[in-house]
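# Structural overview for review
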Amino acid sequence: MESKRKKELVEQIEALQERLRETEETLEAIRRGQVDAIIVNGPNGEQVFTLKGADHTYRRLIEEMKQGALTMTPNGMILYCNKCMGEMIKLEIKNIPGTSMERLVASEDRTSLKELLKESKHGPSKKELCLETPDGMKLPVCLYVSPLVLDDRTILCAVVTDLTEQKQRQKLLQSEMLTRTIFEQASDGIVVCDASGRIIMANEMARKMCGRDPGGEFFDTAFPLRWTTGGDWSSEKLTGGDYADKPLLNRESIHGLEGTLTKAEGQELSLLVSSTPLLKEQKEVIGRLITLTDITEQKRVEKALRESEEKYRLLVALAADAILIAQDEEIKFSNPAAEKLTGYSADELSKIPVVDLIHPDDREMVVTRFKRTLSGEQAPTNYSFRIINKGGGERWVHINSTLVTWKEKPATLNFIRDITELKQTEEKLRESEKRFHDLFEHSYDAIIMHRKGRIIDVNQRACSLFGYPKEKLTGMAFAELCFDTSTESCQEQFETALREGSKRFEAQFVKKNGDIFEGEVSVRLVNPDEEIIEGIIRDITPRKDAERKIKEYSQELENMVEIRTKELRRALYDTEEARDRIDGILKSIGDGLIVTDLYHRVQLMNRAAEDLLGVRLSEVIDRSIEFAIKDENLRSKLIEALDRRESGYVFDFEIPEKNSRFPRIIRSRTSVIQDKMGKETGMITLFFDVTHEREIDRLKNEFISIAAHELRTPLTSIQGFSEILLKRDDLGEGEKKKFLSYINKQSVNLARIVNALLDISRIEAGKGLDLEMSPCDLNEIVRETVSCYQSFSEKHDFEVSLPEEPAELTVDRHKFRQVLENIITNAIKFSPKGGRIRVTGELKEDCYQVSVEDQGIGIPQDQAEKIFDKFYRIGHKDSSVPGSGLGMTIVKNLVEAHGGKVWVESDIGKGTTVRFTIPKEQSGREDKI
C-alpha cells in the first residue's frame, strides 16, 4: 500500500515538472511573439487572452523603452512587462507575469491602486504612488493606465514612469528657496563680496542699513565705517581688497569689530562686524562673507544703565531706611539713615562691634540668626528687635536681612526701619481693646454684633437673656431671635441704621425656651465697609406689662358707657387706621414691595415696585404675576421663589440702565404671610437696590488686583536679583553693585506704594496727615522737582514759568513736593507720545497757584469729576496706564490740609491741566489734619 502511495506521488511530481516546463516555454514564446493567445486560470475560471497582431517591431520598441510597460487584467493581474519594469522593481521578467500588481505597490498606496484600476475601466487614468522592491526600498512612480479591448475582452495597458529624479529636483529647488528666504529674512545684514571687495549680493537688512541696493559697489564705498574698537582697520581687511597677493591675510577671519555707520538721513548705527573668507575647494579665496549686527539699542541701554547706577547710589544715600552691611561682626557699610538711627557717624559705626548696638535682651537671638544666615542655614531674616543708640536710648527696629558677598567673603545686607512709634501705637491699641472688652462683657444690657444679619459676637448678658450658650448664638441669623411679627420691622430698622448710621426702636424677641419678651434696641453701624452693626438690647417687658395694665384699666373705664356701641365704632376706626397706616408705610418704603396670594395673583404693590417693573397696580391687581413682569428672566426667578413658599429666600437680578455702562442690581427677598391660625395665605416680595454695594465691591476687587500687581512687580525684581546675589559666587563687583541698585530701586518703588496706602489708611481712620510747617520758597521747590523729571523723561519737553520775586509761604516742604510729583507723574503717564509739559507758578492776591499742563490724551468730562475718588483710575480707549488710583486722592487731601483747593481742566485729545492753590495765610492751622 505504501509503495503504491509513493509511486503516485512521484507521478504527480513529474506531471507538475512537465507543466512547469510548458509554462516557461509558453512565457518565452509570448515574449518572442511566437503565440497568439494565452489562457489564464483566475478566480472566475480559465480566461483566454489573445495576442493577435503582435508585431515584432512594436515589441522591440516596448522592450527598449526607458519607462516601464506592462499589461494587466482588469483586476490587476500582470500579463506582460518589459525589461525596464523588471529593473525598476528589481525582479526577473519571467517572475512578474501572473503576479498581482497589488503585491508590487507599497501598502499605503494599495487603496489608490484599486481606485486607479476602477477608473481605468472607463478611460485612461493616472496616479502617483510608490512601488516597493523586494529589499524594502520605495520607488515613486507615475502609473498611466489605459483600457484595450481585444476579442471582446478588456485588458489594461500601463506605462510606469520613475519619478525619483523629479522628486529630487523638487527637493533641491525647495532647499534653494529656503536658503534664499533665510538669507533675505535674516535679522543681521549679510554682504557677499568678490575677491576684489566688490559687493555681489546683499540681503534686505544690509540694504536698509545702506539705504540703497549696494550691488556692484566696493564695500568701503557702500559702508563707510568708523571703527570704535581701536587699531588701523580698513574695509580691505574685511573684503580682501588689495591683498590678493597675500593669501595668508586673505584667509584670515575677523570677528566682533565695533564700528559706526552714518546713514544718509543722518542716523548713526552702531554695528558689530565680522568677516569670513569664501574658499574654492579650500584653497583659493574667491570672496568674503561679511555680517553686520545692529547693536545701536544695546549701546543705548548700556549708557542708560551707567547713568542709572549713579541714580541708585544717590537713592541709597537718600533712603529713609537704614542700610547696613555686616561682616565678621563689624559694620562694613552704612548709609546716612543708619547714622541718624544710631546716632553714630559712619566712621564710628565701622569701629563698633555689631553686638554693641543690639539690646542685651535681644542680643543672643539676633547674633544666632546672623551666624546661621552667614553659614548658609535657613534662618529668619525678617523680624523685629531693639537697639541701643549712641545716647543710650532704646529703639524698636524691623530688619530685613539677606546674605551677600562683600569683598569675596560672606556678609549680610540689612534694611532696618525704625518702628518705635508703631510699637507704642500697638500697645495703646491693645490696652484700648482690653478696656472695650471689659465694658462689652460686663454690660447690663445684651450686646450683639452682626454682619449682614448673621451674628458674629455676643456678650454674657445676651447669652443669659436669650438662654443660648455663646458658641450657639455666634453664627445664628439675628432674625431667629426676633418674634415673627417683629422680623420685618427689625429688618427695616436695620436697613435704616445702615443708611443713617444709628437707630433706636422697640421689638419683640423670643428666648430659647419659647418665651417672648419686648426689648428696646439701640442699633449703631460700627464698620460701614463690612456692614457690621452693633445692637444693644434691653429687656423692657416689666415696663411694658405695667403700661399695658394701665392702658387696660383706662380702657375699662372708657367702655363703661355704651360699651357695645363704642366697641363697634372703635373696631371701625381701628380698621380704617390700620389701612391708612399700611398705605402710609407702603408709600414711605423706598424699596419695592409686592404682595401675592397662594396662586401668585397680585394683591398689593407699592409705588417703588410699580416704577421698578414699569406697571401700575390698577393694571395687574388680582392678575397672575406673569402679567405684571415683562422681563422673562426676572419672571421665571420670581415664580420659582414664590413656588418655594419660603421666608428669607433671596435672589438677585439686573436691570439695564440707558445712561450707564453698568446695570442696576436688584436683590429680592421673600417672606410667607400667615394668618392668626398659622395658615399660609400669601407671599411678600421685597426689592432692594444693591447697585451701590456691588459697585463698592467691584472697586475694592479692582483695587486689590491693581495693588497686588503694583506690589508684585518690585517684589519679583527684589527676589530675583537677591537670589542671583545669594546663589552666584562668580559675580564681579560691578555686577553686584548693579544688582544691588536694581534691588534698591524696586524697594524704593515698593516703599512709595506702601506710603501711599498708609496715607490713605491714616486719612480713612481719621488720624490725618502730619504736617511739618516751615517757611519755604515755593519757586525753588518747583524748580528742583521739575529738574529731576527733566533728567529721565527724554520724550517730554519741560517748560517752567515762575514769578521773579520769591514766593515765601509757610508749608510742609515734603508734602508740597509730593503733591507736585504726583501731578507731574500723571502728566507724563497720560502723554505717552511725549510733548510739552508746562509748569506755571503764580503769586495771586491771597494764594500761590501752581498749574501743570500737558499735551496728552485728555480726560473725559464725566471721569474728570471722579479723578479725586479713592481707587478711581482713568479709563481711555487709547491708554492703558498703570497705577493704584490713590495718587490724586492723596493730592486732594494734602492740598486741603494746607487750606487750598485743587481742580482739573481737560480736553479729549488735546491735554489736561491740573491746578491747585496754597493760601498765603496759614495761621491758626494745626499741623495734623
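Residues numbered from 1 in each chain as written. Predicted model: local features only at pLDDT ≥ 70, side-chain atom pairs only at ≥ 80, totals over all residues. Heavy atoms only, no water.

### Concerning the confidence of the model for the protein
- The pLDDT averaged across the protein works out to 77; a share of 77% of its residues lies at or above 70.
- The low-confidence segment residues 231-235, where pLDDT is below 50, has six contacts with residues more than four positions distant or belonging to other chains. (pLDDT = per-residue confidence, 0-100. Contact = heavy atoms within 4.5 Å.)

### Description of a nonpolar patch on the surface
- Judged by side-chain polarity, L278, I286 and L289 come together as a nonpolar surface patch covering roughly 210 Å² of accessible area.
- The topology assignment puts I286 in strand 13 (residues 284-294).
- Given the relative accessible area of 43%, I286 is considered partly exposed. (Patch = residues over 30% accessible without salt bridge, like charges linked within 9 Å, V, L, I, M, F, W, Y side chains within 5 Å. Areas by Shrake-Rupley, 256 points an atom, 1.4 Å probe, with all protein chains shown as cover. Salt bridge = Lys/Arg side-chain N within 4 Å of Asp/Glu carboxyl O. Helix = DSSP H or I, 4+ residues; strand = E, 2+ residues; numbered from the N terminus. Buried < 20%, exposed > 50% of the residue type's maximum accessible area, 1.4 Å probe, protein only.)

### Topic: the packing of aromatic side chains
- One pass over the structure, following the stated rule, counts six aromatic pairs.
- Between F219 and F223, the aromatic rings sit 5.1 Å apart at their centres with planes inclined by 25°, giving stacked as the arrangement.
- The class of F219 is buried, set by a relative accessible area of 1%.
- Given a relative accessible area of 2%, F223 falls into the buried group. (Phe/Tyr/Trp six-rings, centres within 6.5 Å; stacked < 30°, edge-to-face > 60°.)

### Considering helix 30 (residues 887-897)
- Most of helix 30 is tucked away: eight of the eleven residues are buried.
- Every buried residue belonging to helix 30 is among M888, T889, I890, V891, N893, L894, V895 and A897, and all of these are buried.
- Backbone geometry just downstream of helix 30 places G899 in the positive-phi region, at approximately 85°.

### Description of the environment of L131
- Locating L131 in the fold gives a position in strand 5 (residues 125-132).
- Looking at L131, the relative accessible area reads 1%, which means it is buried.
- A sequence separation of 29 residues divides L131 from V160, and the C-alpha atoms of the two residues are 10.0 Å apart.
- The contact partners of L131, leaving out residues within four places of it in the chain, are M85, I89, M101, L104, V105, A106, M137, K138, L139, V141 and V160.

### Concerning the pairing of strand 32 (residues 835-843)
- Relative to strand 32, strand 30 (residues 796-801) is paired through six bridges, and the arrangement is parallel. Within the sheet, the bridge partner assigned to D797 lies in strand 32 and is R836.
- Pairing of strand 32 with strand 33 (residues 847-853) involves six bridges; the strand directions are antiparallel. Within strand 33, the residue paired with L843 across the bridge is Y848.
- Hairpin connection, strand 32 to strand 33: the antiparallel pair is bridged by three residues. (Pairing = 2+ DSSP bridges.)

### Some thoughts on the side chain of S668
- With respect to the helices and strands, the residue S668 is situated in strand 27 (residues 664-674).
- Under the relative-accessibility criterion, S668 is labelled buried at 0%.

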